[in-house]
Amino acid sequence: MTMPDATTASSLIGRPFAKMNGLGNEILVVDLRDGGSVTPAEARALAQRPETRFDQLMALHPGLDGVAAFMRIYNADGSEVSACGNGTRCVAWLLMRDAGVCDLVLETDAGLLLCSAGAEPDQVTVDMGAPSFGWADIPLSEAFDDTRAIELQLGPIDAPLLHSPSVANVGNPHAIFWVDDLDVVDLRRSGPLLENHPLFPERANISLAKVTSKSAITLKVWERGAGLTLACGTAACAAAVSAARTRRTGRDVVVTLPGGPLRIVWREGDDHILMSGPATLEHEGRITAELLDAAAA
Ligand SMILES: N[C@H](CCC[C@H](N)C(=O)O)C(=O)O
């Protein structure tokens with residue numbers, strides 16, 4: 001009798017998946033509400049396959065009563081995180097399609113996320129909850145009283161290329177550098193240095209943000225655990241609230257990323273962040289041992 005190897009014994013075999021994207025941010029949704037779980041090695045294997053390639057994997061598990069699903073979120077490097085804005089829009093779009101409803105609630109470690117269908121068939125709005133700005137909430141390894149501009153710079157001490165980022169936690173940690181030119185540095189080189197800077201004990205998502213009006217920001221993002229992506233929903237949220245906190249913009253902005261625009265409203269009153277944008281289905285399928293066999297490598 002041959003012993004099953006890791007792939008044939010995987011709880012993922014046969015589970016349905018949907019390959020989607022949110023403004024080009026590649027998302028793989030795997031439905032495990034009937035059981036199963038994802039290991040970091042399995043996530044890394046699926047991230048490499050053309051059929052299932054992703055920046056983030058959204059694993060759906062049974063949620064509390066009234067919740068459509070509990071989401072566990074994995075970056076392409078296999079690290080598990082607590083928020084993914086584009087991925088949440090994709091999951092909401094898929095589950096609203098399957099249930100024939102116009103709104104639902106999703107749950108993550110970071111809390112409950114109210115999702116609703118937008119005016120256009122591919123548009124979804126997610127209430128991402130309220131941001132945190134305390135240095136220990138980001139988290140940072142040093143105390144800063146004012147997290148609208150912390151002491152961090154890149155480049156010559158007397159003429160830094162990047163400096164004084166705003167930081168915010170919107171379910172995950174973000175550092176937003178304000179620039180006049182989104183190409184002032186090559187994020188493929190400076191992104192990993194900043195993502196892994198000792199100031200960020202849980203690493204961080206790194207953005208270059210250019211304010212173009214009181215209601216418009218353009219953004220480039222180096223994502224923690226995924227690298228350069230075409231879009232990052234939580235970075236758009238972090239940039240929007242940071243721009244408002246520093247009086248660079250109002251609280252209702254369009255954030256344009258390389259993959260396209262997101263509308264972010266930082267609501268007065270409860271300080272919840274409402275993120276609106278598209279969710280696109282590419283194809284659906286089921287997980288096979290072949291798709292996972294890189295995990296055994
Ligand atoms: N890389 C992020 C998770 C995904 C964020 C992004 N894809 C989004 O749409 O929010 C992190 O490690 O916190």
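Note that the coordinates shown come from a computational prediction; the quantities given were computed from them, not determined experimentally.

Here we look at the pattern of salt bridges
If you walk through the whole model with that rule in mind, you get 19 salt bridges. Between Asp55 and Arg53 there is a salt bridge, with its nearest N and O atoms 2.9 Å apart. Judged by relative accessible area, which is 30%, Arg53 ranks as partly exposed. Among the charged side chains, a salt-bridge network with shared partners connects Lys19, Glu26, Arg53, Asp55 and Glu282.

Re unusual backbone geometry
In this structure, Pro139 follows Ile138 across a cis peptide bond, with omega equal to -5°. One can find Pro139 in the loop between strand 8 (123–127) and strand 9 (153–154). For Arg203, which is not glycine, the phi dihedral falls at a positive 65°. Phi is positive for Arg247, close to 60°, though the residue is something other than glycine. Mapping Arg247 onto the fold places it in the loop between helix 4 (233–245) and strand 16 (252–257).

Points about the site of the ligand
Around the ligand, a shell composed of 15 residues is seen, among which Gln56, Gly85, Arg224, Gly233 and Thr234 lie nearest. Contact distances for the ligand include 2.7 Å between a nitrogen atom and a side-chain N or O atom of Gln56. Glu223 places a polar side-chain atom, nitrogen or oxygen, 2.8 Å from a nitrogen atom of the ligand. Within the complex, the protein chains bury 100% of what would otherwise be the 360 Å² of accessible surface of the ligand. Taken atom by atom, the bulk of the ligand overlaps the largest cavity. Broken down by secondary-structure element, the contributors of at least two residues to the shell around the ligand are helix 2 (85–99) and helix 4. In terms of residue class, the shell around the ligand is made up of 4 nonpolar, 9 polar and 2 charged. Split by domain, the shell around the ligand shows at least three residues from each of two domains, domain 1 (16–128 + 280–296) and domain 2 (153–271).

Remarks on the UniProt feature "binding site: substrate" (unreviewed entry) in the protein chain
As recorded in UniProt, the feature "binding site: substrate" (unreviewed entry) lies at Asn25, Gln56, Asn75, Gly85, Asn86, Asn172, Asn205, Glu223, Arg224, Gly233 and Thr234. Restricting the annotated residues to those that line the largest cavity leaves Asn25, Gln56, Asn75, Gly85, Asn172, Asn205, Glu223, Arg224, Gly233 and Thr234. The residue Asn86 is located in helix 2 in this model. For Asn86, the contacting residues outside a window of four places in its chain are Gly22, Asn25, Ile27, Ala231, Cys232, Gly233 and Leu262. A polar contact is formed between the side chain of Asn86 and the side chain of Arg89, at a distance of 2.8 Å. Tracing the sequence through the fold places Asn205 in strand 13 (residues 205–213). Discounting chain neighbours no more than four positions away, the residues touching Asn205 are Asn172, Pro173, His174, Ala175, Trp222, Glu223 and Arg224. At 3.0 Å, the side chain of Asn205 forms a polar contact with the backbone oxygen of Pro173.

About the criteria used
Residues numbered from 1 in each chain as written. Predicted model: local features only at pLDDT ≥ 70, side-chain atom pairs only at ≥ 80, totals over all residues. Heavy atoms only, no water. Salt bridge = Lys/Arg side-chain N within 4 Å of Asp/Glu carboxyl O. Buried < 20%, exposed > 50% of the residue type's maximum accessible area, 1.4 Å probe, protein only. Helix = DSSP H or I, 4+ residues; strand = E, 2+ residues; numbered from the N terminus. Near = heavy atom within 4 Å. Polar contact = N/O pair within 3.5 Å; in protein donor to acceptor, adjacent residues only side chain to side chain. Areas by Shrake-Rupley, 256 points an atom, 1.4 Å probe, with all protein chains shown as cover. 1 Å grid on protein atoms, 1.4 Å probe; cavity = no way out; pocket = protein on both sides within 12 Å on 5 of 7 lines; lining within 4 Å. Sits in = over half its atoms within 2 Å of the grid points. Nonpolar A, V, L, I, M, F, W, Y, C, P; charged D, E, K, R; others polar. Domains from an automatic or database assignment. UniProt positions renumbered as here; feature names shortened; annotations may be inferred. Contact = heavy atoms within 4.5 Å.

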